[in-house]
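Listed here are the chains, written in short residue letters.
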Amino acid sequence: MIGEKDIVVLGIETSCDETSAAVVKNGRIIMSNVISSQINLHQKYGGVVPEIASRKHVELVIPVINQALEEAKTGLEDVDIIGVTYGPGLVGALLVGLSAAKGLAFSANKPLVGIHHIEGHIAANYLEHKDLEPPFICLVVSGGHSHIIYVEDYDKFEILGQTRDDAAGEAFDKVARSIGLGYPGGPLIDKAAVNGNPNAVKFPRVYFEDGSLDFSFSGIKTAVLNYLNSQEQKGQPFSIEDVSASFQQAVVDVLVNNTIKAAKIKKQNKIVIAGGVAANSYLRRNMENAAEGKGIKVFYPSIILCTDNAAMVGSAAYYEYKKGKMSDMHLNAVPGLKIGER
Ligand code: KG4
Ligand code: ZN
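Every value quoted in this text rests on a predicted model; they were computed, and no experiment measured them. (Residues numbered from 1 in each chain as written. Chains lettered and ligands numbered in written order. Predicted model: local features only at pLDDT ≥ 70, side-chain atom pairs only at ≥ 80, totals over all residues. Heavy atoms only, no water.)

1. Description of the coordination of the zinc ion (ligand 2)
As a benchmark, a tetrahedral metal site with four donors has ideal angles of 109.5 degrees, while an octahedral site with six donors has ideal angles of 90 or 180 degrees.
Phase 1 of the analysis: Here the zinc ion (ligand 2) is held by His117 (NE2), His121 (NE2) and Asp308 (OD), and the distances to it run 2.0 to 2.1 Å.
Phase 2 of the analysis: We classify His121 as buried; its relative accessible area is 1%. (Donors = N, O, S within 2.8 Å, 3.2 Å for Na, K, Ca; no water. Buried < 20%, exposed > 50% of the residue type's maximum accessible area, 1.4 Å probe, protein only.)

Below is the structure:
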């Protein structure tokens, strides 16, 4: 039900390989969240092929938007704001969602709000945890990002640490490929690791100079490859389960230690995890274990809200709108958009 003072957002997300549209009420209530994943189209290439992604978005964007409105029992006339991801992401993919959003906003005369994809991932937690409010420390880990962010307010972000090379999700995907698991690698490593020994192989944990909360994951990828080569040279098989568990443990150790350190530095008692890698069962459990006894509470979204989806964009757009931050018809896709940048 939509009340008189409710603010209804139509969210649109097409930054990578998910075409998604959602209707979100007051930044917190999901009325619909339609996600059409292209994973099976890209699987045989071992990663997302940008041109294929764009073409599929073109085919799907309008049907997905219509379905989202239908499932929410809402017409475009009942929508107050149109929110859309305009970066970072694949430029061709972003442009599809952006063109649809601009067309709808212009024809229906609705305000348009451009959203940063990562700020959307953070907002997924507002949908999941109705009482969660900033300030908090957020660990954002996806296929393209690994950031520790101090979220001071809904629209105020301070980057405390970030990866200097590969993103955490990227490392999961590359390691999965090298040990013969498919794409996307994260969920497959998560599953294989359940039956593995996290102490079977010692992989490096990279920490920088004192005070830095930055990450580096490219070394661990090389270490896995070196281990596989040395096993082959010795004529010894390797265990997919043990390599998965040991790799995952090494990545999670660094993510957890730096995030807890950030919470201490900023004197925060809330840690929020966001992005595709937030689905990782080991990360969730280890963060909770590390926070226990320190007076820190850990939040993360349900699995479906960890992956790319438009409901998170709808929530973020609501808070941007409340802060008076609207876009206009000049809004363009920005593939390398920085966090907190407008
Ligand atoms: O946020 P997302 O859906 O797309 C980007 O914005 O990048 O994140 C996708 C990433 C992929 O690298 C995928 O392997 C990883 O999230 N991922 C996971 C898990 N589920 C997805 N990584 C570790 N464990 C998981 N359970
Ligand atoms: Zn994402």
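2. Comments concerning helix H6 (residues 185-193)
Phase 1 of the analysis: Burial in H6 covers these residues: Gly185, Gly186, Ile189, Asp190, Ala192 and Ala193.
Phase 2 of the analysis: Where the residues of H6 are buried, they touch helix H5 (168-178), helix H8 (240-265) and helix H9 (281-291). (Helix = DSSP H or I, 4+ residues; strand = E, 2+ residues; numbered from the N terminus. Contact = heavy atoms within 4.5 Å.)

3. Quick word on the pairing of strand E5 (residues 112-116)
Phase 1 of the analysis: Counting buried residues along E5, five of its five residues qualify, which places the element largely inside the surrounding structure.
Phase 2 of the analysis: Residues Leu112, Gly114 and His116 point to one face of E5 and Val113 and Ile115 to the other, with burial holding for every one of them.
Phase 3 of the analysis: By the bridge criterion, five bridges tie strand E4 (residues 81-87) to E5 in an arrangement that is parallel. Among the inter-strand pairings, Gly87 is bridged to a residue of E5, identified as His116. (Pairing = 2+ DSSP bridges.)

4. With respect to the domain arrangement of the protein
Phase 1 of the analysis: Split by domain assignment, the protein resolves into domain 1 (8-124 + 306-322) and domain 2 (133-301).
Phase 2 of the analysis: The distance between the C-alpha centroids of domain 1 and domain 2 comes to 27 Å.
Phase 3 of the analysis: Counting from both sides, the interface comprises 16 residues of domain 1 and, opposite them, 21 residues of domain 2.
Phase 4 of the analysis: Summing both partners gives a buried area of about 1500 Å² for domain 1 against domain 2, and 73% of it is carried by carbon and sulfur.
Phase 5 of the analysis: A per-residue breakdown of the area domain 1 buries against domain 2 is headed by Ile118, Ile122 and Cys306, which together make up 40% of the total.
Phase 6 of the analysis: Mapped onto the side of domain 1 that touches domain 2, the elements with two or more residues apiece are helix H1 (39-43), helix H4 (117-128) and helix H11 (311-322).
Phase 7 of the analysis: For the side of domain 1 that touches domain 2, the element with the highest residue contribution is H4, accounting for five residues. (Domains from an automatic or database assignment. Buried area = accessible area lost by both parts, 1.4 Å probe.)

5. Some points on the pattern of salt bridges
A side chain with one charge may pair with a side chain of the opposite charge, provided their charged atoms come close.
Phase 1 of the analysis: For the structure on display, the rule yields 13 salt bridges.
Phase 2 of the analysis: We note a salt bridge from Lys25 to Asp6, for which the minimum N-O separation is 3.9 Å. One end of the pair, Lys25, is in strand E2 (residues 18-25); the other, Asp6, is in the segment before strand E1 (8-13), and 19 residues separate them in sequence.
Phase 3 of the analysis: The closest approach of N and O atoms between Lys325 and Asp155, which form a salt bridge, is 2.7 Å. (Salt bridge = Lys/Arg side-chain N within 4 Å of Asp/Glu carboxyl O.)

6. Some thoughts on the sheet that holds strand E6 (residues 136-141)
Phase 1 of the analysis: One open sheet accounts for five strands, arranged E8-E7-E6-E9-E10; its pairing is mixed. Because the sheet does not close on itself, it has two edges, and the strands there are strand E8 (156-162) and strand E10 (297-299). Direction aside, neighbouring strands of the sheet carry axes that sit 25° apart on average.
Phase 2 of the analysis: On the sheet, H8 packs against E6, strand E7 (146-153), E8 and strand E9 (270-274) and is oriented at approximately 155° with respect to E6. (Axes fitted to C-alpha atoms, helices over the stretch in contact; angles between N-to-C directions.)

7. Comments concerning the packing of H5 against H8
Phase 1 of the analysis: Interhelical geometry of H5 versus H8 gives an angle of 175° and a closest axis separation of 11 Å. Considering the angle they form, H5 stands roughly antiparallel to H8. Residue-level contacts link Ala168, Ala171, Phe172 and Val175 of H5 to Phe247, Gln248, Val251 and Leu255 of H8.
Phase 2 of the analysis: Its residues placed into classes, the contact of H5 with H8 shows seven nonpolar, one polar and no charged. (Parallel < 35°, antiparallel > 145°, perpendicular 65-115°, else oblique. Nonpolar A, V, L, I, M, F, W, Y, C, P; charged D, E, K, R; others polar.)

8. Topic: the site of ligand 1
Phase 1 of the analysis: Neighbouring residues of ligand 1: 19 residues in total, closest His121, Gly143, Asp173, Asp190 and Asn280.
Phase 2 of the analysis: Here an oxygen atom of ligand 1 sits 3.1 Å away from a polar atom, N or O, in the side chain of His117.
Phase 3 of the analysis: In the complex, the protein chains occlude 87% of the 550 Å² of accessible area that ligand 1 would expose alone.
Phase 4 of the analysis: Of the pockets mapped on this structure, ligand 1 occupies the largest pocket. (Near = heavy atom within 4 Å. Polar contact = N/O pair within 3.5 Å; in protein donor to acceptor, adjacent residues only side chain to side chain. Areas by Shrake-Rupley, 256 points an atom, 1.4 Å probe, with all protein chains shown as cover. 1 Å grid on protein atoms, 1.4 Å probe; cavity = no way out; pocket = protein on both sides within 12 Å on 5 of 7 lines; lining within 4 Å. Sits in = over half its atoms within 2 Å of the grid points.)

9. Some thoughts on the packing of H8 against H9
Phase 1 of the analysis: Two numbers describe how H8 lies on H9: the axes approach to 10 Å, and their chain directions differ by 40°. Of the possible angle classes, the one that applies to H8 and H9 is oblique. Two packed elements cross with a definite hand, and for H8 against H9 that hand is right-handed. Taken together, the residues of H9 that come into contact with H8 (itself represented by Gln248, Gln249, Val252, Leu255, Val256, Thr259 and Ile260) are Tyr282, Leu283, Asn286, Met287, Ala290 and Ala291. (Left-handed = near helix turned anticlockwise from the far one by under 90°.)

10. Considering empty space enclosed by the protein
Phase 1 of the analysis: Tallied over the full model, the rule gives one cavity of 30 Å³ or more.
Phase 2 of the analysis: Estimates place the volume of the largest cavity at around 100 Å³.
Phase 3 of the analysis: What lines the largest cavity is Ile115, His116, Glu119, Ile122, Ala123, Tyr126, Tyr154, Phe157, Ser315, Ala316, Tyr319 and Glu320.
Phase 4 of the analysis: Taken together, the residues of the lining of the largest cavity sort by class into eight nonpolar, two polar and two charged. (Points joined across faces, edges and corners; volume = space filled by probe spheres on them.)

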